[in-house]
Amino acid sequence: MRLEPVVTDPTELYRLRDGVYAADLLIVVVAELDLFTWFDRYEREHDDPAGVEQVCAAHQLDPRAADVTITYLVARGLLARVGDRITPTRVAREHLVAGSPYDLRAYYASLRERPTCKDLLAVLRSGRPAAWAGAAGKEAWSDRLASPEFAASITAAMDARGAYLGPALAETIADLPARAVLDLGGGSGIYGSALVERLPGLRVDVFERPPVDDVARTLLATRGYAERVGVVSGDMFTGLPGEYDAHLYSHVLHDWGPGEVRRLLANSAAALPSGGWVVVHDTHIDDERSGPLQVAEYSVLLMHSTPGKCWSVAELRGMFAEAGFDYVDCRPTAADRTAVIGRRAHR
Ligand SMILES: C[S@@+](CC[C@H](N)C(=O)[O-])C[C@H]1O[C@@H](n2cnc3c(N)ncnc32)[C@H](O)[C@@H]1O
């Protein structure tokens, strides 16, 4: 199935969807935590801005949630980092701090009863992800994937996203001299299909857990890719097949906390030969943790719904090194995504 070339740029449509929780987080920060007033008062009382530890202690915030929230507020231009301290910007001091004649806090507070705001406040306090939007019960989205109906609908969502992103990723990494790629958590196989379309000699296997593996098999067969893109069933946390020279993680590491990400990278390092490639395709926060804004907004969605977040390139570089990968490059693909590339160091 070869797609017609895309004519228009859907980046804004990705941004709107991925950033959908971010404004609600700002409402919570203003209306429930009154965070800007707190930062301002702390700074005046201590003659020094607060650090993350002080904010977490004062508001009983989970560290992952605090990290995502502060990065979002910095990217929004409402907080600034001064070394490891955090200070409200002029616009925040004038419009979101108690005592200002232009105080907008009541305006934001009028929306505090939105259901997502309640969820976000619970996530900020507990660190545990809220139920996936629309879930009747309280299951996490990764547990709900065990249901064939939910697996089919979420895989359709990821597949739709990949039709535009897949070819862009394939173009961006076309120069890597890989022969066999394992696409971990590869969903429908949309990225594998784009890769073999761009690189006809390449072999790709999707590594997926049931029941998504069967969804992928059916879609790949329907689209005529079953010969070139296989599906291997398994659990990526418990050991990986060894016959590949590249591993792709597309929108996978952002679903997990640091322990799981380290484990996945360690599994990849164990399974890949020396000189093998790891490609992390995702939205990534910059080294300064000040943006891009759209990525910081997407990270709010991930904080809400998963144990993960958008990792910064610097964090990935550190975890690559721990696992035994040399950092190679960070390349833009499309719609705010980048491919962070590592190479298995010689053993
Ligand atoms: C957010 S989706 C990403 C799909 C696709 N790679 C993309 O870029 O759109 C995460 C995928 O990881 C898969 N996954 C989650 N846990 C897994 C596990 N333990 N082993 C293998 N795959 C897993 C899910 O089934 C899901 O398809």
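Residues numbered from 1 in each chain as written. Predicted model: local features only at pLDDT ≥ 70, side-chain atom pairs only at ≥ 80, totals over all residues. Heavy atoms only, no water.

Going by what an unreviewed UniProt entry lists, the protein chain is known as O-methyltransferase and is assigned to Micromonospora lutea.

Engineer: I'm lost on the overall build of the protein chain in this one. Help?
Structural biologist: For the protein chain, the helix and strand inventory stands at 15 helices and 10 strands. The C-alpha atoms of the protein chain give a radius of gyration of 21 Å, which matches the 20 Å a tight globule of 347 residues would have. Counting only C-alpha atoms, the protein chain reaches 65 × 45 × 40 Å along its principal axes. Look at the contacts in the protein chain between residues 6 or more apart in sequence, and 71% of them connect residues 24 or more apart. Summed over its atoms, the accessible surface of the protein chain is roughly 15,400 Å², and 54% of this surface lies on carbon and sulfur atoms. Of the side chains in the protein chain, 37 bear a positive and 48 a negative charge, and the two mean positions are spaced by 1 Å. (Helix = DSSP H or I, 4+ residues; strand = E, 2+ residues; numbered from the N terminus. Rg over C-alpha atoms; globule rule 2.2 N^0.38 Å. Contact = heavy atoms within 4.5 Å. Areas by Shrake-Rupley, 256 points an atom, 1.4 Å probe, with all protein chains shown as cover. Lys, Arg positive; Asp, Glu negative; His and termini not counted. Charge placed at Lys NZ, Arg CZ, Asp CG, Glu CD.)

Engineer: I would appreciate a short explanation of the environment of Ile173 in the present structure.
Structural biologist: Along the chain, the position of Ile173 falls in the loop between helix H10 (148-172) and strand E4 (180-184). Residues Ile173 and Ile341, 168 residues apart in the sequence, show an inter-C-alpha distance of 8.9 Å. Residue contacts for Ile173: discarding those within four places in its chain leaves Leu195, Val279, Arg331, Ala339 and Ile341.

Engineer: Explain the pattern of salt bridges to me, please; I cannot follow it from the model alone.
Structural biologist: A complete count under the given rule lists 27 salt bridges for this structure. The closest approach of N and O atoms between Arg198 and Glu171, which form a salt bridge, is 2.7 Å. Of the two residues, Arg198 is situated in helix H11 (residues 190-198) and Glu171 in helix H10; the sequence distance between them amounts to 27 residues. On the basis of relative accessibility, which here comes to 36%, the residue Arg198 falls in the partly exposed class. Each of Asp40, Glu43, Arg44 and Arg93 takes part in a single network of salt bridges with overlapping partners. (Salt bridge = Lys/Arg side-chain N within 4 Å of Asp/Glu carboxyl O. Buried < 20%, exposed > 50% of the residue type's maximum accessible area, 1.4 Å probe, protein only.)

Engineer: Is there a simple way to explain the packing of aromatic side chains in this structure?
Structural biologist: Given two aromatic rings, their pairing is described by the distance between the two centres and the angle made by the two planes. Per the counting criterion, the structure on display carries five aromatic pairs. With centroids separated by 5.9 Å and ring planes inclined at 40°, the aromatic side chains of Tyr14 and Tyr164 adopt a geometry described as tilted. A residue pair is termed long-range when its members are at least 10 positions apart, and Tyr14 in helix H1 (residues 11-18) and Tyr164 in helix H10 qualify at 150 residues. Ring geometry for Trp38 against Tyr42: centres 5.2 Å apart, planes inclined by 40°, an arrangement best described as tilted. One end of the pair is Trp38 and the other is Tyr42, both in helix H3 (residues 35-46) and four residues apart, which spans about a single turn. You'll find Trp38 and Tyr42 in the same group, each marked buried. Site record: aromatic cluster; members linked through ring pairs are Trp38, Phe39 and Tyr42. The aromatic ring of Tyr327 is capped on one face by Arg317, whose charged end is 5.3 Å from the ring centroid. (Phe/Tyr/Trp six-rings, centres within 6.5 Å; stacked < 30°, edge-to-face > 60°. Lys NZ or Arg CZ within 6 Å of the ring centre and 35° of its normal.)

Engineer: I tried to follow the environment of Ser233 on my own but got confused; where do I start?
Structural biologist: Among the secondary structure elements, Ser233 is positioned in strand E6 (residues 229-233). C-alpha of Ser233 to C-alpha of Leu316: the two residues are 83 residues apart in sequence and 27 Å apart in space. Sequence-distant contacts of Ser233, defined by excluding residues within four places in its chain, comprise Phe207, Glu208, Asp213 and Arg217. A polar side-chain atom of Ser233 sits 2.7 Å from a polar atom in the side chain of Asp213. Polar contacts involving the side chain of Ser233 include one to the side chain of Arg217, which spans 2.7 Å. (Polar contact = N/O pair within 3.5 Å; in protein donor to acceptor, adjacent residues only side chain to side chain.)

Engineer: How do you make sense of the domain arrangement of the protein chain when you look at a structure like this?
Structural biologist: Interface extent is often summarised as the accessible area lost during association of the parts. Each assigned domain of the protein chain is listed with its residue range as follows: domain 1 (20-128) and domain 2 (142-344). The gap between the C-alpha centroids of domain 1 and domain 2 is 32 Å. Contacts between the two partners involve 20 residues from domain 1, matched on the other side by 19 residues from domain 2. Per-residue buried area on domain 1 facing domain 2 is highest for Tyr21, Arg64 and Val68; these three make up 33% of the total on that side. For the pair domain 1 and domain 2, the number of links is three salt bridges. Notably, a salt bridge pairs Asp67 with Arg289, separated by 3.9 Å at the nearest N-O pair. Scanning the region where domain 1 abuts domain 2 turns up six residue pairs in polar contact (both at pLDDT 80 or more). Those elements giving two or more residues to the side of domain 1 that touches domain 2 turn out to be helix H2 (22-31), helix H5 (63-75) and helix H8 (115-126). In terms of residue count, the dominant contributor to the side of domain 1 that touches domain 2 is H5 (nine residues). Split by residue class, the side of domain 1 that touches domain 2 holds 12 nonpolar, three polar and five charged. (Domains from an automatic or database assignment. Buried area = accessible area lost by both parts, 1.4 Å probe. Nonpolar A, V, L, I, M, F, W, Y, C, P; charged D, E, K, R; others polar.)

Engineer: What's the story with the site of the ligand in this structure? I'm lost.
Structural biologist: Around the ligand, the structure places 18 residues, and the nearest of them are Gly185, Glu208, Asp235, Ser250 and His251. At 3.0 Å from a nitrogen atom of the ligand is found a main-chain nitrogen or oxygen belonging to Met236. A distance of 2.9 Å separates an oxygen atom of the ligand from a polar side-chain atom of His251. In the complex, 96% of the free accessible area of the ligand, which totals 590 Å², lies under the protein chains. When the residues that make up the shell around the ligand are grouped by side-chain class, the tally is seven nonpolar, six polar and five charged. (Near = heavy atom within 4 Å.)

Engineer: I'm lost on the environment of Glu208 in this one. Help?
Structural biologist: Structurally, Glu208 is set in strand E5 (residues 203-208). Glu208 sits 94 residues away from Arg114 along the chain, and the two C-alpha atoms are 36 Å apart. When residues no more than four places from it in sequence are discounted, the contact partners of Glu208 are Gly185, Gly186, Gly187, Asp213, Val232, Ser233 and Gly234. A distance of 2.8 Å separates the side chain of Glu208 from the backbone nitrogen of Gly187, its partner in a polar contact.

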